[in-house]
Structures are given as structure tokens and as C-alpha cells.
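The lines below spell out each chain.
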Amino acid sequence: MSKKKYSAAIKDVIAEEMRADSSVFVMGEDIGALGGVFGCTRGLQQEFGKERVRDTPIAEAGYVGTGIGAALTGMRPILDFMYLDFVYVAMDQLLNQAAKLRYMYGGRASLPLVIRGQQGIGRGNAGTHSQSVEAFFTHIPGFKVAMPSTASDAAGLLRTAIRDNNPVMFIEHKALYATSEEVPDDPEFAIPFGQAAVRRQGKDVTIIATSLMVGRALEAAEKLAAEGIEAEVIDPRTLLPLDLDTLLHSIEKTGRAVVVHEAHKNNGVGAEIASQIMESGFKYLDAPVVRLGAKPCTLPFSLVLENAVVPGVEDIHTAAKQVCYK
Amino acid sequence: MATKVIMPKQGLQMTEGTIISWLAAEGDTVKEGDPIFEMETDKLTIEIGAPAAGTLLKIVRGEGDVVPITETIAFIGEAGEDISDLLAELESSSESDETGETEPAEAIAESGAGGPSGPVAESSAPAATTEQAAGGSRATSDGPFYSSPRARWKAEERGLDVQALAGSGPEGMVIERDVLAAAENRPKATPLARIHAAESGTDLSSVEGTGPRGKIYRRDVDAAAAGTAAAGGAEGGRMFAAIPREDRSIPLTGMRRTISARMRESLDTAAQAVHRIEVDMSETVRMRERLKAAEVKVSYNDIILKAVAESLRTHPRMNSVLTEDAIIEHGRINIGVAVALDEGLIVPVLRDADLLTLQGIHSETRRLAELARTGGLSQEDYQGGTFSVSNLGMYDLDSFTAIINRPESGILAVGAIKEKPAAVDGELVIRPLCGLSLTYDHRIIDGAPAADFLRSIKTLLENPYLLL
């Protein structure tokens, strides 16, 4: 085990996979000489050269299309997005091509493609650089969607993503890059998709949180514990596939659930998770499932306002008490 | 292997049934589907067929027994088959521990026989009158009943009637903690002990259990009940002690139990006030004779129903229900018509009575009354009443007071049409008079509008051609 930052854990896995498999390569903006705005590709060009660590023009649709072609013809590209907000520029390539090609080719084509980058609040980057994009990709069939909340999960899930033969949206968080934890050194360390992590055990309420919200949920759980409410905090880790079994198992015990994400609450992934809980675990519920998510407004520039828009520890704390009728 | 004959569930809300009579005797050979016993629930009387072909080996529950659904009442098998194991199992299951297979039976016993007899739960607005099952009792009286899915699940697991619990959630919703608290406080007893306790009116919490961890067995309940009776006898009845005059115990069957709960609930809830009026039926009698001559058959009751329907249309407040924060005036006029049965009464509903012609009312009430007497009413037929009429004229009553059929807000009691002296234009004449008595809920209808409604009926009956 080595203590690593979330960003370093990502860089190390990319490097290890590139050493192990010559078909793995990286494309993106400012990833070569600069090593990425957040350092996730730092030093890779020096080790692997400009052919395998390719700086692209500011033309997302172009390099996503290139990556799709490369994947179709046997390569395993990792497409780097400086900000995941920019995937909107490449949506036609992503939703109409990447998501559908295996289907269109009758299953005879595979598309081992990773689209990774960071999203969310934390830097006051304002409306077009702070969004959460996961709901678009969980809505259109054809993607797997991973959202690591810790350095170790980032490493384990990214290795699974690179080795997967389908397009994976790998969604990191800019405010998590500087967090660090012990990460296994094993170059085969991989976390299978569709396995949620129970971050904290509890018997009174289940808090389902993703990405940045996992930490906030754990903080809220501390406050709740002081008031005699034992919250179980679950991080799904991948939204597609979703580990519904772990969620239901927890809710069978607790009877109450709060789903919290940073993305907008309206029509968000939380709505899907809450619905699945109700469809499969209705009888377990002692209270309606509560969703927390960003308010329906554009993410503001001000750091203070950012946190007023997305759920905070106090919001989670209040919601958990609400479903416990306390 | 012998087949168990169980008390079948004959409706969503059925929790228990009464065995009225056995149509086959022990030792009889039966074919599958042959009627072997007749049973009664709060809603119907029905013959039940044999679940398998064979010999009726043993009847374990006799006529008059009130049996929770799914409990074994008899065995069918091959002639001479040894069923002592099954009988032993039956005996032990009724006295086994509270966990395991006995739970369902326990659940039924609790909801059916053991639940507190609070008022019956109301479903939203005008639906649901006499069909409410006996098990649907609950602790609070007004408004809709809510319980969380989890509370229902946990209650089922623990054999508790969720509707009998007081809710601590929003709007009185029963939530998990209410169920757990109730389960915690409940004395441990076998299903059979609960039935005996319910039948003898023994409070289980006052009974000392002789089973493991103080669990109450049937014998404990019976002993407690006998003790109470003995104590009462010693104090009060020395004079008559020598004369054997035994009380007759009539099991509180489904329909009686429902009526009992609903009548109490009605008086506990509505502010019932009564207006009386006497109607000169001369013109109505004349009109009916003329219709009869024209071979149109209608009864006085049909004409009264028509007059009530018309008056409800002009007095919508009489056709309303009180909810937590509003009075709902029903858009439709559905008049419940009380029908007496041998063992109780039922109130089938004349739907959209204001839209029916006199002949229409005639044929529909005939149909409903016939179905009511033969036990053939469907749920549709007795749900959704918005006002009721009870006619006991055939018993020669001058007039009487009826109790409101909740959640409705009024009921008209109709007495006999009798020739009586009446003063008309300063002269004493003999006229056919009929006493009407309106019970109304003063919470939402005041005296004057109620009187106006009654006067409207009187005007129509004294000028019945307005109804044609």
C-alpha cells in the first residue's frame, strides 16, 4: 500500500496499464507537456512519447470521434476531458456513436473506450465548468458509468474501466483530486463494477451518496450519531451497473433512505435510485425516500454560492432526521 | 396423507368466518367440490366445497365456531386412515411458541378477535359503509388511516393488526416504531388463547401465563375466565343459585361485529340531531292508485325515495361528508336503502337516484333488496352511499329515530302511513299521514337548512306529480 492522492492514483493506473498493454493510449487537451491541468497525466508523455500521449486541438468532437475509430479497430483509448462539461461539445459522437456502435454492428464490434475527466464544484469555475454530467450517460443505454469517491476506488475502478470492452464514462471530481489514502500497489488491483461500498454501518437510516457527497454524508453521519441516529452510508461507486442489492439489503434493515448527489436534483440519478428502491423494496420503507441534489439553477461563480446550491452536511443531516421522524 | 380443510378467505378483508352448519358428517364420502359446510362472513353466507375427494375423517371445529382464515376445521382422507399425528400437530401448533409457522394464525387471531373494537376505518369520502370488515378497527376515529409499508410489514411479521395501532408519524401515520412498541407491550399468548380471551371477554394482560417465559395458554385464559365468573356468582346470585338458567352465547359474527362497531362509531363521531315532520300522503296514495290502474307498479317507498333524491339535489349539504378540513358536497346522489336481514341489516345503494325514473327506482330497489336477502350483493352494490333511507312502516311505527350511516351526514326514517284525524281548513278530516324523521349531523348542517330539506320532501309527497 502507498499513500497517494486521488490524482496520482489515476496517473499511476494509466501508466501501469500502458506499460502492460501497448494498445492503451491517451488523448486530450494539455495532457502532454503540461501533464493535465490537475496532474492526472503528469510525466506520461516523457515515459511513453507523443504517439501514446497525444495532445489534441481544442476540438472535443474531433478527438472523441478519433478515439471511437481507434477503439473500433483494436486500440484501447483513454480520452481525457479537462472538464467534463466539455463532453457536451462531443455529444453526437458519444451518444449517437460510442453508445450505439456495438448494437449497430450486431454485437460484432467492441468499443474499449474510457472517457475520463473531472466535474463538480470546488474551484469557483462557474456555470460551464462546474456541472455534473452523469445523468446524461446513465439515461442513454450503452455506457457504463463510474464515479469514484476515494483515491483507492479511483485506482481500482479505473483499471476495470480500461480493461472493459465497452465505453465507460469515468467521472472524477475536481475537489477530490487532493484527497489521499492508502492505495494497493498491486498492478492487478481492480474493483468490479456494480459493487457498492458501505462506508459506514448503521441501523436507522441509509444515506446513499456519490462522489463528493460521500464525505459530506459521512460528516452528517457523525452528527447524527451524536444524536443517537445510526446512519449507514453507501457509495454505489458505479451508477451503471447499480448495485441495488446492497442498497435494498441496507434499507431492509433501516427502513429509511436519503439519496444525495451533487448533480441537479430534478430528473437526476437520485430519482432513478429512489424509484428502484420503491419498486423493489416498497415494503421495507417506513418513510418516503428523500432526494438531495443541486437546486435547479446554474452553478454560480462564487465559492460561497456554489455551496449554497449543492447539498451540504446540514442538508443531509436534516433529511436523515426527517425520514427518521425526528 | 389426509387433506386439511381450512377456513377459506372469501374476500380481501375477511379475517374469520363462522361455520353455520356442516353439510357432511364424519364418515361421509365426498367428491372434490361437494359442498361440505356452510359459512358466514361479515358480508356473505356461502357453501364451501370439499378441497379433495375422500372420506370426511374428522370435524375439528363445530357449528357456530368463529374460525380465523387458514385454520384447519376438518380432515378428508381415506376411510380408516390414521390422522392422530395431524390432530396432535393441530393441538401443538395452537400451543407452540410464537415464532415459526404459527405466526400467520396468530396474526389472524390478533386482527380478527383480539383487536380493540374501535370505530371502523374510513376510506376516502363516500365509499365504504357496511362492508368494512370487523378487523378494520383502529384507535383514532376521524379521517383516513395511514400506515407506512414497513409498519404493515413489521406488523404482519408480528401478528399485529396495524389498523388497531395509534400512529405517531405525520398525520397519525402508523410507522415502524409504533408497531415495535405495540409488539413489545403485548402479552405473549398462543393463537388459541387469544381466541378464547376474545370470546370470553378476558383481558389477556390480566391473565397469568403458565407457559415458558410466562406465555399464556388457552387453559390459563379459561381458568381466568372461570375464576371471574365464579367470583361474580358467589357475590350476587345466591338466591337463584339452585335454578339452572344458563346464558346463551351468540358468537359475535362478522356482520354483527361490523354493525356494532359502526353504530358506536357513528354516535361517537357525528353530532346527531333529529327533526320530525308529518306528511299528508293523500295525493301520493291517489297517484299510486292511478299508476296502478295504468299498470305501472310503484311502492310508497319508491315515491319517497324519489322525493328524497329530488330534495337532495336542491339541498346538496344534506348529501355531503365532513373531512378533516372541508365539507365535501357529493356530486352524485346515491341513496342507501336499509334492508333488514335475519341476523342484521345491510344498506345497498341506489346509485344516481336523482337520475332514475320512478319505475327505475322501483326495479332497482327490488333487485337490490332481493340480492341483499339472498346474500348476493356485490361490493359495488353497497358502497358509495351518500345519504340513507330506512323504512320501518311495515312494523306500524308512527315514526322512529335512525342512526346516521357514516360517513354520510343524514338518514331519513320513514314510519307507517296511517289514517289519522287531521285538521284541514278548519275541519277535522281523516287523512293518511306518514311520520318522517330526519337524523342529521349538526356539525355541518344546521337546524334551519335541515328543516328546509325535510319540508321539501313533505311538499313533494303532498304534490307528488312534481316527481313525474
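A few points on the structure. What you see as residue numbers is a count from 1 along each chain, following the sequence as written. Each chain is given a letter, starting from A, and each ligand a number, starting from 1, according to the order in which they appear as written. Given that the model is predicted, a residue must reach a pLDDT of at least 70 before its local features are reported, and side-chain atom pairs must reach 80 or more before they are shown or counted; all residues, however, enter totals for whole chains, interfaces and linings.

### Some points on the overall build of chain A
Test applied: A run of H or I in DSSP becomes a helix once it reaches four residues, and a run of E becomes a strand once it reaches two; helices and strands are each numbered from the N terminus. The burial criterion counts other C-beta atoms lying within 10 Å of a residue's C-beta, which is placed from the backbone; the residue is buried at 20 or more, exposed at 12 or fewer, and partly exposed between these limits. A residue pair is marked as a contact if its C-beta atoms, positioned from the backbone, fall within 7 Å.
Along chain A, the regular secondary structure elements total 12 helices and 14 strands. Counting the 326 residues in chain A, one finds 54% classified as buried. Sequence separation of 24 or more characterises 79% of the internal contacts of chain A that already satisfy a separation of 6 or more.

### Examining the interface of chain B and chain A
As a reminder of what qualifies: Amino acid classes used here: Ala, Val, Leu, Ile, Met, Phe, Trp, Tyr, Cys and Pro are nonpolar; Asp, Glu, Lys and Arg are charged; the rest, including Gly, are polar.
Between chain B and chain A, the residue contacts involve 8 residues of the former and 8 residues of the latter. No other element matches helix H3 (residues 149-158) of chain B, which puts 4 residues into the side of chain B that touches chain A. Of the residues contributing to the side of chain B that touches chain A, the split by class is 4 nonpolar, 2 polar and 2 charged.

### So, helix H10 (residues 269-281) of chain A
All names here are of chain A. Formally: An expected span of 1.5 Å times one less than the residue number is assigned to each helix. Arc definition: it is the arc formed by the directions from the helix axis to the C-beta atoms.
Here H10 contains 13 residues, and its C-alpha end-to-end distance of 18 Å stays within 8% of the 18 Å for a straight helix at 1.5 Å per residue. Buried within H10 we find Val 269, Gly 270, Ile 273, Ile 277 and Gly 281. Buried residues of H10 fall within an arc of 105° about the axis and therefore sit on the same side. Residues of H10 that are exposed and point over 90 degrees away from its buried face: Ser 275 and Glu 279.

### Some words on unusual backbone geometry
Look at the link from Leu 240 of chain A to Pro 241 of chain A: it is a cis peptide, with omega at 0°. Relative to the elements of secondary structure, Pro 241 of chain A occurs in the loop between strand E12 (238-240) and helix H9 (244-254). For the bond running from Arg 406 of chain B to Pro 407 of chain B, omega is 5°, close enough to zero to count as cis. Take Pro 407 of chain B: it is sitting in the loop between strand E16 (387-391) and strand E17 (410-424). Phi angles above zero are rare outside glycine, and Thr 70 of chain B is one such case at about 75°. In this structure, Thr 70 of chain B sits in the loop between strand E7 (66-68) and strand E8 (72-77).

### Digging into helix H4 (residues 176-185) of chain B
All names here are of chain B. Looking only at H4, the buried set comprises Glu 176, Asp 178 and Val 179. End-on, the buried residues of H4 take up no more than an arc of 165°, which puts them together on one face. Exposed positions of H4 whose direction lies more than 90 degrees from the buried face are Glu 184 and Asn 185. Contacts from the buried residues of H4 go to H3.

### Points about the packing of helix H1 (residues 6-20) of chain A against helix H2 (residues 44-52) of chain A
Residue and element names in this part refer to chain A. The line we're drawing: Angles shown run from 0 to 180 degrees and are taken between the N-to-C directions of axes, each axis being a line fitted to C-alpha atoms and, for helices, limited to the stretch in contact. Reported orientations rely on four angle classes, namely roughly parallel under 35 degrees, roughly antiparallel over 145, roughly perpendicular from 65 to 115, and oblique for the rest. Left-handed describes a crossing in which the near helix is turned anticlockwise from the far one by less than a right angle; the clockwise case is right-handed.
Running from N to C, H1 and H2 point in directions that differ by 60°, and their axes come no closer than 11 Å. When the interaxial angle is binned, H1 and H2 end up oblique. The handedness of the crossing between H1 and H2 is left-handed. Across the interface between the two elements, Ile 14, Ala 15 and Met 18 from H1 touch Leu 44, Glu 47, Phe 48 and Arg 52 from H2. Per-class residue counts for the contact of H1 with H2 are 5 nonpolar, no polar and 2 charged.

From the geometry alone we can't say anything about function, so treat these as descriptive.
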